[in-house]
Amino acid sequence: MLGLGADRLRADMNRLLALLFHQGVLDEQFLQLQQLQDETSPNFVSDVVNIYFHESEKLLRNLRGLAQEREFSDYKKMGIHLNQLIGSSSSIGAKRLANICVAFRAASDQNNPTACLRALEILEHEYCYLKNKLHEFFQIEQQRVMAAGVRYPIQS
Amino acid sequence: MAFRMGNSSTKCSGSSKNCLATGNKFSVLVVDDDPVVQRIHRVFLNRFGFETQVVGNGKEAVDLYCSGASFHLVLMDMEMPVMDGPEATRELRGMEVSSMIVGMTSRDRDSEKQAFMAAGLDDCRVKPLTADIITSLLHQLNIKYQY
C-alpha cells in the first residue's frame, strides 16, 4: 500500500498538466524548467513561478494605472511593461498569457485606448486563471512529496 | 585569451556538456533586469556547465568590463533601465570587447531585431532561452574559441 497516495497524487499532477497543455496555457518551456529541478534545487520551479507572480502583479498594476489615465498617452511605457511580461511569461512556459500580451502590445502600438482596456481585461482574467491553476499544481505536488515521505513502522 | 569573472559568488554545476571538443569551460554574463529571467538563465546556463554571472542593466555590464572582467559570452536583454541593450552593446564594441554578444529579446519584429543587431551583436534570439539555443551557442563558442 506504500506509495499509493503519492502515485495517485502524481497522476493528478500529470492530469492537470495535460489539461493546461491541451488548453494552450502552458508549453514545453514549463517542462524544461521542471528538468532543471533536482535535489540541489528541489523547489526551483515553484520558486521561479512565485517570483513570476510577484513581478507580474507589479506590471499588471502599472498597466492598469496607465490604461485608466484620463489623458493616457504613454504607449511607449505600456509597451515596455508588456515586453517584460512577454519575456517572463514565455520563460516559464506561460504561452497563452504571453500571446495575450503580444495582442495587447499590438493594440498599444496602434495607440488605441479602447482596445488596450479590453486587452487588459483579457490579460487580467488569464493571469488569474494561470495563477489559480499553478497554485493547484504546486499544492498537489506538496501533498505528493509528503505522501511519498510516509513510512510504515517496521515490525520486529 | 584569458577570461576572468567579475566579483561573484556564482557556483557552477560543472556539467560536461559545456566542454565538448575543446575541454574548456565558458563564462557567460547575463544582462537582464527581470528577476524571473535572471534566475532561469543562471540555473539553465549553470546546468550546461557555464560559469555564470548576472547583472541588472547595461551599465553594470559595461562597468564590469571596465573593471577588467571579461566573458566568453554575453546574453544581452534589449530593454533595461539605466542603459539598454543596444547602448551597452555599442559601448562594449567601442571598448573593442570581442566577446560573443547575443541579444535576447521579447520583440519578434525583424526590423527591431535588425536595429539591435546593428549595435554590434553577433546574434539575436527571441526569448525564452531553451536547451536548443544554449546548444547552438555552445557550438558557436567552440568554433570561435578553438584552442
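The structure presented is a predicted model; accordingly, all values stated were derived computationally and were not measured. (Residues numbered from 1 in each chain as written. Chains lettered and ligands numbered in written order. Predicted model: local features only at pLDDT ≥ 70, side-chain atom pairs only at ≥ 80, totals over all residues. Heavy atoms only, no water.)

**Student:** Is there a simple way to think about the packing of helix α2 (residues 58–66) of chain B against helix α3 (residues 85–94) of chain B in this case?
**Tutor:** When two helices pack together, their arrangement is given by the angle between the helix axes and by the axis-to-axis distance. All names here are of chain B. It is at 8 Å that the axes of α2 and α3 come closest, and there the two elements cross at 15 degrees. By the angle between their directions, the pair α2 and α3 is classed as roughly parallel. Relative to α3, the crossing made by α2 is right-handed. Seen from α2, the contacting residues are Gly-58, Ala-61, Val-62 and Tyr-65; seen from α3, they are Ala-88, Glu-91 and Leu-92. In terms of residue class, the contact of α2 with α3 is built from five nonpolar, one polar and one charged. (Axes fitted to C-alpha atoms, helices over the stretch in contact; angles between N-to-C directions. Helix = DSSP H or I, 4+ residues; strand = E, 2+ residues; numbered from the N terminus. Parallel < 35°, antiparallel > 145°, perpendicular 65-115°, else oblique. Left-handed = near helix turned anticlockwise from the far one by under 90°. Contact = heavy atoms within 4.5 Å. Nonpolar A, V, L, I, M, F, W, Y, C, P; charged D, E, K, R; others polar.)

**Student:** Whenever I open this one, the sheet that holds strand β3 (residues 73–77) of chain B confuses me. Can you help?
**Tutor:** Remark on secondary structure: sheet strands pair via backbone hydrogen bonds, oriented parallel or antiparallel. Residue and element names in this part refer to chain B. On the basis of which strands lie adjacent, the open sheet formed by five strands has the order β2-β1-β3-β4-β5 and parallel pairing. One side of each edge strand has no neighbouring strand; the edge strands of this open sheet are β2 (51–55) and β5 (123–126). Taking each pair of neighbouring strands and ignoring which way they run, the sheet shows an average axis angle of 20 degrees. Against the sheet, α3 makes contact with β3 and β4 (100–105), and its axis sits at roughly 150 degrees relative to β3, the strand it touches most. In the packing of helix α4 (residues 110–117) onto the sheet, the strands contacted are β3, β4 and β5, and the crossing angle to β5 comes to about 145 degrees. (Pairing = 2+ DSSP bridges.)

**Student:** Is there a simple way to think about the UniProt feature "modified residue: 4-aspartylphosphate" (unreviewed entry) in chain B in this case?
**Tutor:** Residue and element names in this part refer to chain B. When the UniProt feature table is mapped onto this chain, "modified residue: 4-aspartylphosphate" (unreviewed entry) is found at Asp-77. As for its placement among the helices and strands, Asp-77 is situated in strand β3. The exposure class assigned to Asp-77 is buried, which follows from its relative accessible area of 6%. Sequence-distant contacts of Asp-77, that is, excluding residues within four places in its chain, are made with Val-31, Asp-32, Asp-33, Gly-85, Met-104, Phe-116 and Lys-127. (UniProt positions renumbered as here; feature names shortened; annotations may be inferred. Buried < 20%, exposed > 50% of the residue type's maximum accessible area, 1.4 Å probe, protein only.)

**Student:** Looking at this model, I keep getting lost on the interface of chain A and chain B. Mind explaining?
**Tutor:** Accessible area lost when the parts come together is the quantity often used to give the size of an interface. With 23 residues of chain A in contact, the opposing surface of chain B contributes 20 residues. Between chain A and chain B the total buried area reaches about 1,900 Å² when both faces are included, carbon and sulfur atoms providing 56% of it. Considering only the surface of chain A that becomes buried against chain B, Gln32(A), Leu36(A) and Asn83(A) emerge as the three largest contributors, covering 25% of it. Linking chain A with chain B are four salt bridges, by the criterion used here. Its salt-bridge partner being Asp108(B), residue Arg105(A) comes within 3.7 Å of it at the nearest N-O pair. Inspection of the region where chain A meets chain B yields 10 residue pairs in polar contact (both at pLDDT 80 or more). Elements supplying a minimum of two residues to the side of chain A that touches chain B: α2 (28–36), α3 (44–67), α4 (75–92) and α5 (95–109) of chain A. Each residue belonging to the side of chain A that touches chain B can be placed in one class, and the counts come to nine nonpolar, nine polar and five charged. (Buried area = accessible area lost by both parts, 1.4 Å probe. Salt bridge = Lys/Arg side-chain N within 4 Å of Asp/Glu carboxyl O. Polar contact = N/O pair within 3.5 Å; in protein donor to acceptor, adjacent residues only side chain to side chain.)

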